[in-house]
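# Structure at a glance
Below, each chain spelled out in residue letters.
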Amino acid sequence: MTDLDQLTQSLARNLKRWRGERGFTLDTLAARAGVSRGMIIQIEQARTNPSVGTTVKLADALGVSITTLLDHERGAPVRLVPESQAIRMWSTEAGSSTTLLVGTEARGPLELWSWNLMPGESSTSDPHPEGTVELLHVTAGALSLVVDDVPYAVPAGASATFEAHHSHAYRNEGSEPVRITMAVSIPPVR
């Protein structure tokens, strides 16, 4: 079984589990996430590998982290995630990528990410649920963080935090790769 097959199977199993735990019908989850009922069926049957955006929408609608939807090992009080098991969410031929390092459900989902953003590339995020907060630290390069269409310069060594229910994007407008470590705190579903 390839890593992609394992990821697809884990997502199928965990999406069914969390939808059931929340008592959501297919139609309820589709409406909450803004994802078609047919897409959810395909994901739950492990017949498709959804985009990062779709996975984020489903996780947000269920009130869980992406880690929880993709995780294939649960239960230990301490969970170590070796670099080889971090989840690459997207990448480009130029070398930009995001990797989900670790996440938890304690007091609402909490995720830790590692980002690489190559010169001239960007990533736009849909607004997250009200109460979601992102914290980031730039370890190399200079990030242009755009929140509600306002750019903020975040140079190497600097950190930022923002309410992520606003539209936001990450851009590398410089000539050097940008490296970011980011945490995302999502409020629990009420």
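You'll find the structure just up there.
Computed from a predicted model, the values in this text were never measured in an experiment. (Residues numbered from 1 in each chain as written. Predicted model: local features only at pLDDT ≥ 70, side-chain atom pairs only at ≥ 80, totals over all residues. Heavy atoms only, no water.)

### Focus: the overall build of the chain
Put simply, the rule reads: Strands are runs of DSSP state E lasting at least 2 residues, helices are runs of H or I lasting at least 4, and numbering of each runs from the N terminus. Our radius of gyration is a C-alpha quantity, and the globule rule it is checked against amounts to 2.2 Å times the number of residues to the power 0.38. Accessibility here uses a 1.4 Å probe with only protein chains present; expressed as a share of the type maximum, an area under 20% marks a residue as buried, one over 50% as exposed, and anything in between as partly exposed. The contact rule is simple, with two residues in contact once any of their heavy atoms fall within 4.5 Å. With residues, only the protein chains shown are counted as cover, and all accessible areas are computed by Shrake-Rupley using a 1.4 Å probe.
Counting its regular elements, the chain contains five helices and 10 strands. Over its C-alpha trace the chain gives a radius of gyration of 17 Å, about what one expects of a compact globule, namely 16 Å for 190 residues. The principal-axis extents of the C-alpha atoms in the chain amount to approximately 45 × 35 × 35 Å. Counting every position in the chain, which comprises 190 residues, the buried fraction comes to 42%. Contacts spanning at least 24 positions in sequence make up 63% of the contacts within the chain whose residues lie at least 6 apart. With an accessible surface of roughly 9,900 Å², the chain has 51% of that area assigned to carbon and sulfur atoms.

### So, the nonpolar core
Defined as follows: To qualify as a nonpolar core, a set must consist of buried Ala, Val, Leu, Ile, Met, Phe, Trp, Tyr and Cys residues joined through side-chain atoms within 4.5 Å.
Within the largest apolar cluster, 41 residues are counted, with the highest numbers of intra-cluster contacts made by L58, L136, L143, L145 and Y170. With five residues, helix α4 (residues 52-62) is the largest single contributor of residues to this core.

### Observations regarding the environment of P109
Here P109 is to be found in the loop between β2 (97-104) and β3 (110-117). On the accessibility criterion, P109 (1% relative accessible area) is buried. Along the primary structure P109 and T55 are separated by 54 residues, whereas in three dimensions their C-alpha atoms are 14 Å apart.

### Comments concerning the packing of aromatic side chains
Note the cut-off: Paired rings are identified among Phe, Tyr and Trp, the last through its six-membered ring, by centres lying within 6.5 Å, and are further divided according to the angle between planes into stacked (under 30 degrees), edge-to-face (over 60) and tilted (the rest).
Summed over the entire model, instances satisfying the criterion amount to two aromatic pairs. A centroid spacing of 6.1 Å and a plane angle of 85° characterise the contact between W90 and W115, whose relative ring orientation is edge-to-face. Here W115 lies in strand β3 and W90 lies in strand β1 (residues 87-91), a separation of 25 residues in the sequence. Judged by relative accessible area, W115 falls into the buried class, the value being 7%. Aromatic ring contacts, followed pair by pair, group W90, W115 and Y170 into a single cluster.

### Quick notes on the packing of helix α2 (residues 26-33) against α4
Note the cut-off: Lines fitted to C-alpha atoms define the axes here, with helix axes fitted over just the stretch in contact, and angles between the N-to-C directions of these axes take values from 0 to 180 degrees. Working definition: roughly parallel below 35 degrees, roughly antiparallel above 145 degrees, roughly perpendicular at 65 to 115 degrees, and oblique for all remaining angles. If you view the pair so one helix is near and one far, a crossing is left-handed when the near helix is turned anticlockwise from the far one by less than a right angle, and right-handed when it is turned clockwise.
Running from amino to carboxyl end, α2 crosses α4 at an angle of 110°, the nearest separation of the two axes being 8 Å. In terms of their interaxial angle, α2 and α4 are classed as roughly perpendicular. Viewed along their axes, α2 and α4 form a crossing whose handedness is right-handed. Counted together, L29, R32 and A33 of α2 and K57, L58, A61 and L62 of α4 form the full contact between these two elements.

In short, the description is geometric, and any link to function would need to be established separately.
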